[in-house]
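Here is how the chains run, residue by residue.
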Amino acid sequence: MSRGPAAVAFVAAVVLGWLVWDTGADPVRLARGLPWIADFLRRMMPPDLEVLPSALTGALKTAEIALLGTAVAAVLALPLGFVSARNVAPAALFYPARAILNFFRSIDTLVYALIFVAAVGLGPFPGVLAVIAYTTTSLAKLYSEAIEGIDPGPVGAITATGATRLQVLRFGVLPQVLPLFLSYVLYRLETNIRAATVLGFVGAGGIGFYLQTYLRMIDYRAASTALLVTVLMVMAVDALSSRLRRRLV
Amino acid sequence: MGDALPRTAAPPRAMVEVAGLRVVLPPDTVALDGVDLTVLPGEFVVILGRSGAGKSTFLRSLNRLVEPTAGSIRVDGRAVTGAAPAELREIRRHIGMIFQQFNLVRRASVMDNVLAGRLGYVPMLSSLVGRFPSADRQLALDGLAQVGLAHLAARRADTLSGGEQQRVAIARALAQSPALVLADEPTASLDPRLTASIMDLLRRINVERGLTLVVSQHQIETALAYATRIVGLRRGRVRFDGPPAAVTAAVAAEIYGEDDA
């Protein structure tokens, strides 16, 4: 028994050592690179306010992508959440639903964006589709966990009144989970704003497109404006959303 | 179907007829082991027994919240065991149920909780969007008035005290216009003063509305004070069945099994 922790520590050390070697992680190389980072930062100053209008336009577009994508996904995830909750879905639905969700949830928003840009062309629209695709499956998972965590008491009580299965869901389950659902949607909106800022890198619209263009043109002062706008927007949405979420729970 | 069979016995028709009821809870707990019981209309039956004796399982079998393993159950002449889903819902809407933990939807209003008692009667689609016919709203309000809480209709259920929440649960059962009310340890979460007020309320609906009550209790004094008939359960079997006056110390020992406690 007492050899357990030592053995675990030894194995962990070996694995970490191999990871450092295999990824070429090298503190010395990082130290040598630091001046370059400093130079990069120096060249970003001061931010070029000439591009502020286009940065704001891009940021707004990013927020729109996240908002529309999250809103559509919040609705699409509802039926999926119920059919993948163990305590309300029949086994015949539950197992395939879980499997399909787990498969699609392993694909990130950015990968979806690449696919949708190829399918429908450049612009914010493939970005919206990518946000919908990822958020639907991830919200469905969160919804189903909320449903699995409900108090079964009221569900039994509603069942005992002679209610149908749908009525039991509507009156016994939904009132218990709705505040949680809304809280998860807001949380997803926060993360989607962040995720949507990089969607532009692959041609799916928004602030990321401007950021990438400025970097390619080696216009670091313009890029820093775009970055600052992004940071401020993400912080603003986070603050607003977490305030709303506190009121829900 | 079974109703067409000729009846040999004279009226009154039984409200509850249980024969050979056996319930095995997963994985292999024998909760009820061959229970036979007939309850007549208007009776106030208290099922007595210590926790784990099978009281809760018995009550939950009567409306099939728990699925019986063997045996038959009829309520108000209708076969509960073997009933198809739609028929089972039809049977359930005539059976009110009250729980130890009240089992209200805590975030919903008192009125919405009581309205849930009408779900078996109202049109399904409009109920899903929260619309209830005015006649059903009136029945819900009547139920609330009967338990003395009409003034709290708009409050959120979880802002009420425990005693008030149990009254709301009783109003929900009354809103079903039930023939039979099941109460599973309705006072176990309440202090003695509230216990008396809830049991008084149950007696009142038994006397005034003529409803049949089957109530489980682990407290013998409360059981004897309110029941018209006592059924003692121990280890999933009926060990006593008779009027409260017949419950002697020896009977209590038989039900509670002090010998092996």
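See the structure printed just above.
Draft legend 1. Here's a closer look at the interface of chain B and chain A. On the chain A side, the residues contacting the 22 residues of chain B number 18 residues. Within the residue set of the side of chain B that touches chain A, elements represented by two or more residues are helix 2 (85-92) and helix 4 (124-128) of chain B.

Draft legend 2. Structural view of the nonpolar core. With 137 residues, the main nonpolar core has Ala130(A) and Val114(B) as its most contacted residues. Residues within four places of Val114(B) in sequence aside, it is in contact with Ala140(B), Gly143(B), Leu144(B), Val168(B), Ala171(B), Arg172(B) and Ala175(B).

Draft legend 3. Summary view of the sheet that holds strand 7 (residues 180-184) of chain B. Residue and element names in this part refer to chain B. As summarised here, the arrangement of the six strands in space is 6-7-8-3-9-10, forming an open sheet in which the pairing is mixed. Of all strands in the sheet, those with a lone pairing partner are strand 6 (95-98) and strand 10 (237-242), marking the two edges. On average, adjacent strands in this sheet sit at an angle of 15° to one another, irrespective of strand direction. Looking at chain direction, strand 7 and strand 8 (residues 212-217) are connected through five bridges and run parallel. Among the inter-strand pairings, Ala183 is bridged to a residue of strand 8, identified as Val215. Sheet strands in contact with helix 6 (residues 162-175) are strand 6 and strand 7, and its direction is about 170° off that of strand 6.

Draft legend 4. Summary view of the packing of helix 3 (residues 52-83) of chain A against helix 8 (residues 165-199) of chain A. All names here are of chain A. Close contact between helix 3 and helix 8 brings their axes to 8 Å; oriented N to C, the two are set at 145°. The two elements helix 3 and helix 8 cross, and the hand of that crossing is right-handed. For the pair formed by helix 3 and helix 8, the contact residues are Thr62, Ala63, Ile65, Ala66, Leu67, Gly69, Thr70, Ala74 and Phe82 on the first element and Leu169, Val185, Arg188, Leu189, Asn192, Ile193, Ala196, Thr197 and Leu199 on the second. When grouped by side-chain class, the residues that make up the contact of helix 3 with helix 8 number twelve nonpolar, five polar and one charged.

Basis of the calculations
- Residues numbered from 1 in each chain as written.
- Chains lettered and ligands numbered in written order.
- Predicted model: local features only at pLDDT ≥ 70, side-chain atom pairs only at ≥ 80, totals over all residues.
- Contact = placed C-beta atoms within 7 Å.
- Helix = DSSP H or I, 4+ residues; strand = E, 2+ residues; numbered from the N terminus.
- Core = buried A, V, L, I, M, F, W, Y, C linked by C-beta atoms within 7 Å.
- Buried ≥ 20, exposed ≤ 12 C-beta atoms within 10 Å, placed from the backbone.
- Pairing = 2+ DSSP bridges.
- Axes fitted to C-alpha atoms, helices over the stretch in contact; angles between N-to-C directions.
- Left-handed = near helix turned anticlockwise from the far one by under 90°.
- Nonpolar A, V, L, I, M, F, W, Y, C, P; charged D, E, K, R; others polar.

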